[in-house]
Amino acid sequence: MKKTSLNNRIKSKQAVIRFSTLFITVYSLGFFLTGCGGTNANSPGASNQPASGNTIKIISSFPLTGSAVGQSQTMVNGIKQALDETNSAACDGKLKIEYESLDDATAATGKWDAAREAENANKAVADPNVVAYIGTYNSGAAKIAIPILNQANLVMVSPANTAVGLTKAGGEPGEPEKYYPNGKRNYARVVPADDLQGSAAANWAKSLGAKKVYILDDQEVYGKGLADVFKATSKKIGLQVLGHEGIDPKATDYKALMNKVKALNPDMIYFGGITQNNAGQLIKDMRNVGMTADKVKFMSPDGTYEQALIDAAGKDAEGVLATFGGVPPKQLTGAGKTWYDSYKKKYNIEPEAYAAYGYEAARVVINTINKVCKNDRVAIRDAVLGTKNYQGILGTWSFDANGDTSLTAMSGNTVKNNKWEFVTVLDAKAK
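Source: prediction; values computed, not measured.

In the predicted model, the protein chain carries a mean pLDDT of 88, and 87% of its residues have values of at least 70. Scored below 50 in pLDDT, residues 1–52 shows 47 contacts in the model against residues more than four places distant or in partner chains.

Here it is in structure tokens:
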């Protein structure tokens with residue numbers, strides 16, 4: 001009897017679980033379809049029903065909690081600046097543009113969070129007024145958002161994502177197709193991808209006299225992808241790669257790791273990762289074990305090219321090198337210089353690296369809205385992806401078939417007297 005009773009209870013629980021799972025699936029599907037105006041987003045030409053009134057909406061999603069807030073706020077400022085210049089209107093005032101800035105980070109993580117990013121993307125999808133999504137900052141977050149937005153034909157323009165696999169092969173298996181379940185591209189970015197930045201970094205390292213490098217990464221999509229490209233390029237151009245490993249971003253210190261690296265006598269450590277994954281502590285411990293700035297250089301990508309890295313590393317940040325998938329705001333010329341001066345006057349602060357890219361992403365979206373002049377996600381998506389010979393503050397550029405920018409200019413920067421300083425323009429294809 002006990003055994004039979006136990007089996008019955010088990011079967012009963014299994015039935016409840018199956019019913020609960022079915023209910024959640026049906027409920028979620030119903031919610032998703034309602035959020036998409038009742039149209040199956042996978043069907044050809046799927047789009048939201050037009051929202052009532054003459055208001056459309058742009059949403060952005062960046063980490064506004066944790067040390068990335070400085071970089072994120074500068075992108076939000078750029079978006080607001082673009083909207084202010086057009087009085088938040090389009091089509092001769094016939095359409096009003098609303099803007100909402102969402103936070104994809106949490107206090108618990110201190111950086112972007114997958115669940116929060118999914119929540120933001122679903123919120124955008126469910127609002128029929130939303131016609132564009134500007135973000136994300138982190139490439140890992142983009143992997144979460146793109147498929148959600150894709151099924152609703154909602155265009156996404158990133159000012160900062162650089163992971164190769166988001167738009168083309170070269171990353172994980174199944175990339176990039178797995179991010180586009182409806183078969184149509186809905187994602188574009190106004191910055192060059194990591195296959196260019198990682199290569200440029202390795203070439204710069206060689207030009208600086210590096211011969212032996214040790215590679216670290218933070219085990220995230222962005223960081224590991226860059227480290228892998230840096231490694232592959234290093235081998236091609238004759239740099240000796242002493243080792244490559246991922247770090248624990250939550251470790252309290254890296255002294256043991258740095259003593260191991262020191263014993264191999266490198267002249268450079270390359271870290272593929274972001275500030276928020278303990279880059280500052282890596283630099284401190286590197287210096288603490290005796291790998292001084294005059295003997296061993298530290299280079300990292302644009303995920304650390306922010307004031308937050310200097311704040312985290314303190315005095316040990318002096319001499320640190322960083323690549324950036326573009327040129328710093330202060331180095332822009334022409335329309336870029338005009339924008340730079342306007343930004344400083346408006347916000348009374350020096351723009352961080354991605355401010356110009358936030359502005360450019362917003363201007364591309366606004367430009368497209370002015371062409372389409374209606375709440376039509378499909379039409380706006382297609383028009384954004386079809387951007388050609390756009391004359392912006394970054395120069396004249398186009399999106400290719402993958403959604404990548406035709407811009408390839410990059411820069412090398414260093415920390416001097418507690419500030420980032422531009423060093424040189426970099427060539428990703430140099431030999």
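What follows concerns the side chain of asparagine 138. Residue position: asparagine 138 is located in the loop between strand S4 (130–135) and helix H4 (139–150). Assessed through its relative accessible area of 6%, asparagine 138 is described here as buried. Non-local contacts of asparagine 138, meaning those with residues more than four positions away in its chain, are made with Pro63, Trp112, Asn161 and Ile274.

This paragraph deals with the sheet that holds strand S2 (residues 89–90). A sheet is described by the order of its strands in space; here six strands give the open sequence S2-S3-S1-S4-S5-S6, paired in mixed fashion. Sheet topology places S2 and strand S6 (187–189) at the edges, where each strand pairs with a single neighbour. The sheet contact formed by strand S5 (residues 155–158) and S6 spans three bridges and is parallel. For valine 157, the partnering residue across the bridge sits in S6 and is alanine 188. Across the sheet, helix H11 (residues 355–372) lies against strand S1 (55–62), S2, strand S3 (95–103), S4 and S5, angled at about 165° from S4, the strand it touches most.

To continue, consider the sheet that holds strand S7 (residues 212–217). Judged by pairing direction, the sheet is mixed, and its seven strands sit side by side in the order S8-S7-S9-S10-S11-S14-S15 without closing on themselves. Either end of the sheet is taken by a strand with one partner, and the two such strands are strand S8 (240–246) and strand S15 (419–426). Going from strand to strand, the sheet's axes swing by 25° on average, the running direction of each strand aside. By the bridge criterion, three bridges tie strand S9 (residues 268–272) to strand S10 (residues 297–300) in an arrangement that is parallel. What sits directly across from tyrosine 270, in S10, is methionine 299. In the packing of helix H6 (residues 221–237) onto the sheet, the strands contacted are S7, S8, S9 and S10, and the crossing angle to S7 comes to about 160°. Along the sheet, helix H8 (residues 279–288) makes contact with S7, S9 and S10, crossing S10 at roughly 170°.

With that settled, the discussion passes to the pairing of S4. In terms of burial, S4 is largely enclosed, as six of its six residues are buried. With five bridges joining them, S1 and S4 adopt parallel strand pairing. Counted as the bridge partner of lysine 57 is valine 130 from S4. Sheet topology places S4 next to S5; three bridges connect them, and they run parallel. Directly across from isoleucine 134, in S5, lies its bridge partner valine 157. Viewed along the sheet, the connection from S4 through H4 into S5 turns out right-handed.

Right, let's talk about empty space enclosed by the protein for a bit. Inspection of every chain in the model, using the stated rule, returns two cavities of 30 Å³ or more. Here the largest cavity defines a volume of roughly 70 Å³. Lining of the largest cavity is provided by Tyr137, Asn138, Ala160, Tyr222, Ile274, Asp302, Gly303 and Tyr354. When the residues that make up the lining of the largest cavity are grouped by side-chain class, the tally is five nonpolar, two polar and one charged. Counted as a void, the second largest cavity has a volume near 30 Å³. Looking at the second largest cavity, the residues that line it are Asn138, Ser139, Asp218, Glu220, Tyr222, Gly223 and Ile274.

About the criteria used
Residues numbered from 1 in each chain as written. Predicted model: local features only at pLDDT ≥ 70, side-chain atom pairs only at ≥ 80, totals over all residues. Heavy atoms only, no water. pLDDT = per-residue confidence, 0-100. Contact = heavy atoms within 4.5 Å. Helix = DSSP H or I, 4+ residues; strand = E, 2+ residues; numbered from the N terminus. Buried < 20%, exposed > 50% of the residue type's maximum accessible area, 1.4 Å probe, protein only. Pairing = 2+ DSSP bridges. Axes fitted to C-alpha atoms, helices over the stretch in contact; angles between N-to-C directions. Right-handed = clockwise from strand over helix to strand, strands pointing away. 1 Å grid on protein atoms, 1.4 Å probe; cavity = no way out; pocket = protein on both sides within 12 Å on 5 of 7 lines; lining within 4 Å. Points joined across faces, edges and corners; volume = space filled by probe spheres on them. Nonpolar A, V, L, I, M, F, W, Y, C, P; charged D, E, K, R; others polar.

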